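What the coordinates show
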Amino acid sequence: MPKKIENVGCPYCGVCCDDLVVTVSDDGRHVLEVENACAIGNEIFHHASGDNRIKLPRLRQPDGTYKDISYDEAVDYAAKVLVKAKKPLIYGFGSTNCEGMAAAAKVAEKAGAVLDNCASICHGSSFLAIFDNGYPSCTLGETKNRADVIVYWGSNPAHAHPRHMSRYSIFPRGFFTGKGHKGRKIIVIDPRYTDTARVADIYVQVKQGQDYDLFNAFRTVIHGEDIPDEVAGVKKEQILEVADILKKARFGTIFYGMGLCHSDGRNHNVDIAISMTRDLNDFTKWTIMAMRGHYNIAGPGVVWAWTTGYPYCIDMSKKDHAYMNPGETSSIDLAMRDEVDAFFNIGTDAGAHFPIEAVKHLKKHPWITIDPNICMASEIADLHIPVGIVGVEVPGIVYRMDNVPIQYRQVLNPPEGVISDEELFERIHQRICEIEAEEGITQ
Ligand code: SF4
């Protein structure tokens, strides 16, 4: 008899939908149906029960082929790489649970590694701005229940966070937002007329790379001063119209994405967005939120801030203290300067998403990929260690884009013998301790 499992969390994007209903086969090995998920979430669950999963670690041979090895051998190989390296880099973590992140932090500390996560190439600029200027944010529940004005600035949830608009921002009827979409004003600011812009009441076409100027214009108008006839490609009349809506909102939320973090200005774009949010709070209630990408990319920021004091780019190579300085200790910068001598790719695909020059430098040294799937990072690795898929085969805590923790469930058993990220890092830690004892290495 197939079994229906309710309240399942989706391990894909930062919306962290936790209302999925998954039907699994009688033997508990296959996903038959997924209800409530978007197309991306649906695919994750069906992919998990596909026949092409890797079930054993694979070690690259001198002739370039892979040979299956045991988990004990893989753990031994990984531990020896870390003991030998002077400055290993352990990077990724967008797609694993907080338990795995905590275990990896223990390994990084023991090995004197640099510990970094995908924020480094994503919302890291948000962290820099938040350090400077604070974070007047809220939870997604507050937006759903209170917000009558929503701004999507440089973000396109229709494609990147498909259920964000229906669960939290535009369509749901909340406690004080009983009219749903009809009671809300939606403003989209983007150089492109995206599918999200199609849903908007007002579309503002900013010139690419000139968001900072437009924020400046809004802040000037909000403070009652005059501006030129056109700023960043936007007519003065439209800036005045939008500024008026922002000031008259009952409760507003600005959701921003890579349009600010990846364009000219980067952290300064976010910095001024936060300043504008603060300005608006002189008149009414405004909040701002980063559209975090992966389902648990907020997790390392929380877990590692508890354990090391820093959210990302954490250099522990001096062994007696942790140090963070993005630009110096961030993964791409370290790779481009060829400063690391071993690379661990975990819960991400640096092979696909790092600049090719960074990949070429990292490839000069041992490269270990820890991932359930075959991906570019596994195909160029010296060692590929498969692990269970969090949210499908491995339960655990994840942090949603608004830093709300959610307990994810397990719906399938992992392929026989396949272990979790947490168990893998615990075993690597244990093996490093044994090697150090055998070799008489003291910290
Ligand atoms: S919106 Fe995101 S979290 Fe929700 S089902 Fe789609 S991919 Fe999964």
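Since this is a predicted model, take the numbers as computed values, not measurements.

Let us look at the site of the ligand. Close to the ligand lie Cys 10, Tyr 12, Cys 13, Cys 16, Cys 17, Ala 37, Cys 38, Gly 41, Pro 162 and Arg 163, which account for all nearby residues. Of the residues assigned to the shell around the ligand, the class counts are eight nonpolar, one polar and one charged.

Two packed helices can be described by the angle between their axes and the distance between those axes. Their axes nearest at 8 Å, the elements helix H2 (residues 71-84) and helix H18 (residues 421-439) cross at an angle of 60 degrees. When the interaxial angle is binned, H2 and H18 end up oblique. Judged by the sense of rotation from one axis to the other, the crossing of H2 with H18 is right-handed. The segment H2 lies against H18, with Tyr 71, Asp 72, Val 75, Asp 76, Ala 78, Ala 79, Lys 80, Leu 82 and Val 83 engaging Leu 424, Arg 427, Ile 428, Arg 431, Ile 432 and Ile 435. A class-by-class count of the residues in the contact of H2 with H18 yields ten nonpolar, no polar and five charged.

This next bit is on the pattern of salt bridges. What the rule picks out here adds up to 24 salt bridges. Among the salt bridges present, the one from Arg 431 reaches Asp 76, with a minimum N-O distance of 2.8 Å. Of this pair, Arg 431 sits in helix H18 while Asp 76 sits in helix H2, and the two are 355 residues apart along the sequence. The two residues Arg 431 and Asp 76 agree in class, both being buried. Notably, a salt bridge pairs Lys 248 with Asp 244, separated by 3.0 Å at the nearest N-O pair. Residue Lys 248 and its partner Asp 244 are located together in helix H10 (residues 236-248), separated by four residues, close to a single helical turn. Residue Lys 248 is classed as exposed on the basis of its relative accessible area of 62%. Owing to a relative accessible area of 37%, Asp 244 belongs among the partly exposed residues under this scheme. Overlapping salt bridges, with partners in common, bring together Asp 76, Lys 80, Arg 431, Glu 434 and Glu 438 in one network.

With that out of the way, let us pick up the nonpolar core. Counting residues in each nonpolar core, the largest one holds 44 residues, and the members touching the most others are Ile 90, Leu 115, Ile 370 and Ile 428. At the level of elements, H2, helix H3 (98-111), helix H13 (298-307), strand S17 (342-346), strand S18 (367-370), strand S19 (383-385) and H18 are the ones that each hand at least two residues to this core. Top element by residues in this core is H3. It accounts for eight residues. Every residue in contact with Ile 428, bar those within four places of it in the chain, is listed here: Val 75, Ala 78, Ala 79, Leu 82 and Val 107. Ranked by size, the runner-up nonpolar core spans 38 residues in total, among them Val 151, Ile 222, Val 231 and Ile 245.

Turning to the sheet that holds S18, a few remarks are in order. The pairing of strands in a sheet comes from backbone hydrogen bonds and takes either a parallel or an antiparallel form. Strands sit in the order S5-S4-S19-S18-S17-S6-S7-S15-S16 across an open sheet of nine strands; the sheet is mixed. What marks the edges here is a single partner per strand, and that holds for strand S5 (66-68) and strand S16 (323-324). Summarising the sheet, strand S4 (residues 58-60) and S5 pair through three bridges and their orientation is antiparallel. Directly across from Leu 59, in S5, lies its bridge partner Lys 67.

Calculation notes
In this convention, every chain numbers its residues from 1, walking through the sequence in written order. Given that this is a predicted model, residues contribute local features only at a pLDDT of at least 70 and side-chain atom pairs are listed and counted only at 80 or more, while totals for whole chains, interfaces and linings are drawn from all residues. Excluding hydrogens and water, the side-chain values take into account all heavy atoms of the structure. Neighbouring residues are identified by heavy atoms, a residue being near a molecule or strand if any of them is within 4 Å of it. Any residue that is not Ala, Val, Leu, Ile, Met, Phe, Trp, Tyr, Cys, Pro, Asp, Glu, Lys or Arg is counted as polar, Gly included; the first ten are nonpolar and the last four charged. Each axis is a line fitted through C-alpha atoms, taken for helices only over the stretch in contact, and angles between the N-to-C directions span 0 to 180 degrees. Helix numbers and strand numbers start at the N terminus; a helix is a DSSP run of H or I with at least 4 residues, a strand a run of E with at least 2. Orientation categories follow fixed angle ranges, with anything under 35 degrees roughly parallel, anything over 145 roughly antiparallel, 65 to 115 roughly perpendicular, and all other angles oblique. Two helices crossing with the near one rotated counterclockwise from the far one by less than a right angle form a left-handed crossing, whereas a clockwise rotation gives a right-handed crossing. For this analysis, residues touch if any pair of their heavy atoms sits within 4.5 Å. Basic side-chain nitrogens of Lys or Arg form a salt bridge, by our definition, when they fall within 4 Å of a carboxyl oxygen of Asp or Glu. Burial classes follow relative accessibility: with a 1.4 Å probe on protein chains only, a residue under 20% of its type's maximum area counts as buried, one over 50% as exposed, and anything between as partly exposed. Note on terminology: a nonpolar core comprises buried Ala, Val, Leu, Ile, Met, Phe, Trp, Tyr and Cys residues joined through side-chain atoms within 4.5 Å. DSSP calls a pair of strands paired once it identifies at least 2 bridges connecting them.

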